[in-house]
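# An overview of the molecular structure
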Amino acid sequence: MKAQMEKLVTKGMLMLPSAMRDTLLKVQPVEIAGNRLDEDMAALLVLLEKSGRPALDEIGRQSGVEAARRAFRDAVRPASEVEPPRTVVTSDLTLTGAAGPLRARLYTPDRAPLPGPLLVYFHGGGYVVGDLESHDPYLRYVAAKSVTRVLSVEYRLAPEHPYPAAAEDAVAAYADAAARAEMLGADPARLAIGGDSAGGTLALVAALAGATGPRPPAALWLINPAADKVEGYPSATLYGGGFLLTQSLMDWFMDQYFPDKARMVEPMASPMRSDELGRLPRTFVTAGRFDPLSDQVPALAEKLKAAGVPVEARMEPGLVHNFNQLIAFIPAARRATDSACEWLRFALG
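Model, not experiment: these values are computed from the prediction.

### Structural notes on the overall build of the chain
In terms of helices and strands, the chain carries 12 helices and 10 strands. The C-alpha radius of gyration computed for the chain amounts to 19 Å, which stays within 12% of the reference 20 Å derived for 349 residues, consistent with globular compactness. Seen through its principal axes, the chain has C-alpha atoms that stretch 60 × 50 × 40 Å. Counting over 349 residues, the chain shows a buried share of 58%. Of the accessible surface of the chain, which amounts to about 14,000 Å², a share of 54% is contributed by carbon and sulfur atoms. For the chain, the centre of its 37 positive side-chain charges and the centre of its 41 negative side-chain charges are spaced 4 Å apart.

This is the structure:
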């Protein structure tokens, strides 16, 4: 109930005429390195600051990882609860992970062809937070908008399961889903792998492994992936504070997942450093400009192009990290997500 009330208040404030809203909230334009933050996004950040809600890493450090997981789920679900453009039916199932069964959820949109395309999706959350429920509204929307079946995978999380547990689960889960494609209503020739943030990294890892399997993916769909844990990018400094994903939060995530930081250079941790990028299928990669990970988008695109992989890279100029889960609040985020869904729909025929 509290989350729904907060959603109504937030959405109500954001829907006010911008001049009135910005005066009430004392919103100031935000510009960094010539890039202007979307005005709705700027207002939302002010609302979040005024709410007094502690940062996710602060919750984790003070109250433990389970409290951080609840806080993440409670924050992102309302922000992505948008009525899908068509009916979506869900069914829960189990996939074979690297060390045991994994929960998964299949989203089947109305009028999806049978057999048809399938997106195997890995949620974000820094390998520490996130689950089927945190991404449920968003993936309902993706399935409906792209008219594509979506299979959401709940992989093992850190710190209980440190690196490389999540990456190994991603590889195993895709292999199992691909082997069972017909049972899932999918055409084995129209499989895609996708994910956001940490999940985007896992999608890259799974696609590299799946490329040599009996049913390689036909497309890769990446939302602000953390594809390189080693290189220092200017965006990490420019946008590392005040735009939802902060340097402090990233540090906390990495501390949980990587007990041995020396292993962050490995391809299962930083797949952009793989020597096998040329095996990847056609790829879509995007990020908001006000994201500490945003410079990784053109860097990954350049490497993929050099390896002969067809790639479409998009930088959303006024948006932040994981804008895809702000579609209920930010019109520009919804438009960017719709465009990404259209790419997926046409890429899979």
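### Section: the pattern of salt bridges
All told, the structure shown has 27 salt bridges when counted by the stated rule. Of the charged contacts in the structure, one is a salt bridge between R215 and E182, with a shortest N-O distance of 2.8 Å. Here the residue R215 occupies a position in the loop between α8 (198-210) and β8 (219-223), and E182 occupies one in the loop between α7 (165-179) and β7 (186-196), the gap between them amounting to 33 residues. By relative accessible area, which is 23% here, R215 ends up partly exposed. According to the relative accessible area criterion, E182 is partly exposed, its value standing at 46%. We note a salt bridge from R314 to E312, for which the minimum N-O separation is 2.7 Å. Taking the relative accessible area as the measure of exposure, E312 reaches 30% and is therefore partly exposed.

### Section: the pairing of strand β3 (residues 88-96)
Each regular strand shows side chains that alternate between the opposite faces of the sheet. Relative to strand β4 (residues 101-109), β3 is paired through nine bridges, and the arrangement is antiparallel. Within β4, the residue paired with V88 across the bridge is P109. In sequence, β3 turns back onto β4 through a hairpin of four residues, with G100 there showing a positive phi of about 150°.

### A short note on unusual backbone geometry
Cis peptide bonds are those with omega within 30 degrees of zero, and the linkage from L114 to P115 qualifies with -5°. Among the secondary structure elements, P115 is positioned in the loop between β4 and β5 (116-122). Looking along the chain, the bond that leaves A158 and enters P159 is cis, with omega of 5°. On the secondary structure map, P159 appears in the loop between β6 (149-154) and α7. With phi around 50°, V147 is a residue other than glycine that occupies positive phi space. Inspection of the secondary structure assignment puts V147 in the loop between α6 (136-146) and β6. You can call V147 buried: its relative accessible area is 11%. The backbone of N224 sits at a positive phi, close to 35°, despite the residue not being glycine.

### Describing the packing of aromatic side chains
Summed over the entire model, instances satisfying the criterion amount to 12 aromatic pairs. Ring centres of Y127 and F258 lie 6.4 Å apart, and the angle between their planes is 80°; this geometry places the pair in the edge-to-face category. Here Y127 is found in the loop between β5 and α6, whereas its partner F258 is found in the loop between α10 (247-257) and β9 (282-290), with 131 residues between them in sequence. Take Y127: its relative accessible area is 2%, and that puts it in the buried class. Members of the aromatic cluster, connected to one another through ring pairs, are Y127, Y163, Y257 and F258.

### Considerations on the nonpolar core
F122, L151 and L280 are the most contacted members of the largest nonpolar core, which has 72 residues in total. With eight residues, the single largest contributor to this core is α8. Apart from the residues lying within four places of it in its own chain, the contact partners of L151 are L93, L95, A104, R105, L106, L118, L119, V120, Y121, A177 and L184. With 30 residues, the next largest nonpolar core counts L14, A79, V82 and A333 among its residues.

### Overview of the packing of α6 against helix α12 (residues 331-347)
Running from N to C, α6 and α12 point in directions that differ by 55°, and their axes come no closer than 8 Å. By the criterion of interaxial angle, the relationship of α6 to α12 is oblique. Of the two elements, α6 crosses α12, and the hand of that crossing is right-handed. Where α6 approaches α12, its residues Y138, Y141, V142, K145 and S146 are matched on the opposing element by R334, T337, D338, C341, E342, L344 and R345. By residue class, the composition of the contact of α6 with α12 is five nonpolar, two polar and five charged.

### Re the side chain of R105
When you line up the elements, R105 lands in strand β4. Looking at R105, its side chain comes within polar contact range of the side chain of D92, at 2.7 Å. Within the local environment of R105, its side chain forms a polar contact with the side chain of D136, the two groups lying 3.0 Å apart. Apart from residues lying up to four places away in sequence, R105 is in contact with T90, S91, D92, L93, L132, E133, D136, V150, L151 and S152.

Parameters at a glance
Residues numbered from 1 in each chain as written. Predicted model: local features only at pLDDT ≥ 70, side-chain atom pairs only at ≥ 80, totals over all residues. Heavy atoms only, no water. Helix = DSSP H or I, 4+ residues; strand = E, 2+ residues; numbered from the N terminus. Rg over C-alpha atoms; globule rule 2.2 N^0.38 Å. Buried < 20%, exposed > 50% of the residue type's maximum accessible area, 1.4 Å probe, protein only. Areas by Shrake-Rupley, 256 points an atom, 1.4 Å probe, with all protein chains shown as cover. Lys, Arg positive; Asp, Glu negative; His and termini not counted. Charge placed at Lys NZ, Arg CZ, Asp CG, Glu CD. Salt bridge = Lys/Arg side-chain N within 4 Å of Asp/Glu carboxyl O. Pairing = 2+ DSSP bridges. Phe/Tyr/Trp six-rings, centres within 6.5 Å; stacked < 30°, edge-to-face > 60°. Core = buried A, V, L, I, M, F, W, Y, C linked by side-chain atoms within 4.5 Å. Contact = heavy atoms within 4.5 Å. Axes fitted to C-alpha atoms, helices over the stretch in contact; angles between N-to-C directions. Parallel < 35°, antiparallel > 145°, perpendicular 65-115°, else oblique. Left-handed = near helix turned anticlockwise from the far one by under 90°. Nonpolar A, V, L, I, M, F, W, Y, C, P; charged D, E, K, R; others polar. Polar contact = N/O pair within 3.5 Å; in protein donor to acceptor, adjacent residues only side chain to side chain.

In short, shape yes, function no, at least from these values alone.
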